[in-house]
Amino acid sequence: AVVSTQSTGGPVNTVTFIERNISFVSTSDDKSIRVWDWDIPVDRKHLADPGMHSIPSCTISPTGKWLACQSMDNKITVFATQKLRLNRKKEFKGHMVAGYACQCNFSPDSAYLVSGDADGRCFIWDWKTTKVYKRFKAHEGVCIGCVWLPHETSKLVTCGWDGKIKLWD
């Protein structure tokens, strides 16, 4: 390894680049979020709160301004990437993900947030209102991943533990 970080206190779940790829965020099973500069092995910010849950999936918005974090307490929390501050007005609920590393993603225009859930459903939330825009049964079993096609933004791809990858229009 060229650079190795200090111990995070638990298995690392995600690494997501932020701030125009100058820094990255890691999440781990110790229920913390840490910000690192890529060439320095010591975290420069450490978020840990007794109310936080483990975060198995994170994604950055297309604008780079927001970090959406899938939390094991069945919600997606959002942080501003500039100073990694929680945006309390942006909390997305309704899906069941506790115990699963379901992926969340932004639409290419940042108008929507999407996630699968343990019951095989796909949830699409309106970014501005944080309300469920649409939900549908996508898979038998866990719907673990959802992502918009970057070149055909009206289409969504999901994958599940049923062994299928599906394209939705």
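Residues numbered from 1 in each chain as written. Predicted model: local features only at pLDDT ≥ 70, side-chain atom pairs only at ≥ 80, totals over all residues. Heavy atoms only, no water.

> When you look at the nonpolar core in this model, what are you seeing that I'm missing?
Proteins that are soluble and globular tend to have nonpolar side chains buried together. Formed by I18, V25, I33, V35, L47, M52, I55, C58, L67, C69, F79 and L84, the largest nonpolar core amounts to 12 residues. For this core, the secondary-structure elements that each account for two or more residues are β3 (32–37) and β6 (66–71). For L67, the residues in contact, after removing those within four places along its chain, are T16, V25, C58, T59, I60, T77, V78, F79, T81 and L84. Judged by nonpolar contacts, the second largest core, of 11 residues, contains A68, F92, L113 and W127. (Core = buried A, V, L, I, M, F, W, Y, C linked by side-chain atoms within 4.5 Å. Buried < 20%, exposed > 50% of the residue type's maximum accessible area, 1.4 Å probe, protein only. Helix = DSSP H or I, 4+ residues; strand = E, 2+ residues; numbered from the N terminus. Contact = heavy atoms within 4.5 Å.)

> Looking at this structure, I do not really get the side chain of S57. What am I missing?
Residue position: S57 is located in strand β5 (residues 57–60). At 3.5 Å, the side chain of S57 and the backbone nitrogen of C104 are in polar contact. Beyond its immediate stretch of four places on either side in the chain, S57 contacts T14, A68, C69, Q70, C102, Q103 and C104. (Polar contact = N/O pair within 3.5 Å; in protein donor to acceptor, adjacent residues only side chain to side chain.)

> Help me understand the state of the cysteines in this model?
By definition, a disulfide links the sulfur atoms of two cysteines through a covalent bond. Scanning the model with the defined rule gives zero disulfides in all. With no disulfide of its own, C58 lies 3.3 Å from the sulfur of C69, the closest cysteine sulfur. Classification of C58 as buried rests on a relative accessible area of 14%. C146 provides the cysteine sulfur closest to C143, a residue in no disulfide bond, and the two sulfurs are 3.8 Å apart. For C143, a relative accessible area of 0% puts it in the buried group. (Disulfide = S-S within 2.5 Å.)

> Please explain the layout of surface pockets as it appears in this structure.
One simple way to see leftover space: roll a probe sized like a water molecule over the atoms. Its boundaries defined by the atoms lining it, the largest pocket holds a volume of some 400 Å³. As for the largest pocket, its lining consists of 19 residues, of which D49, M52, F79, L86 and R88 are closest to the centre. Counting residues per element, the lining of the largest pocket draws most heavily on strand β8 (residues 85–93), at six residues. What the second largest pocket holds in volume is close to 260 Å³. Every residue lining the second largest pocket is counted, 14 residues in all, and those nearest its centre are I124, K134, W148, S154 and D169. (1 Å grid on protein atoms, 1.4 Å probe; cavity = no way out; pocket = protein on both sides within 12 Å on 5 of 7 lines; lining within 4 Å. Points joined across faces, edges and corners; volume = space filled by probe spheres on them.)

Any functional reading would require information that these geometric values do not contain.
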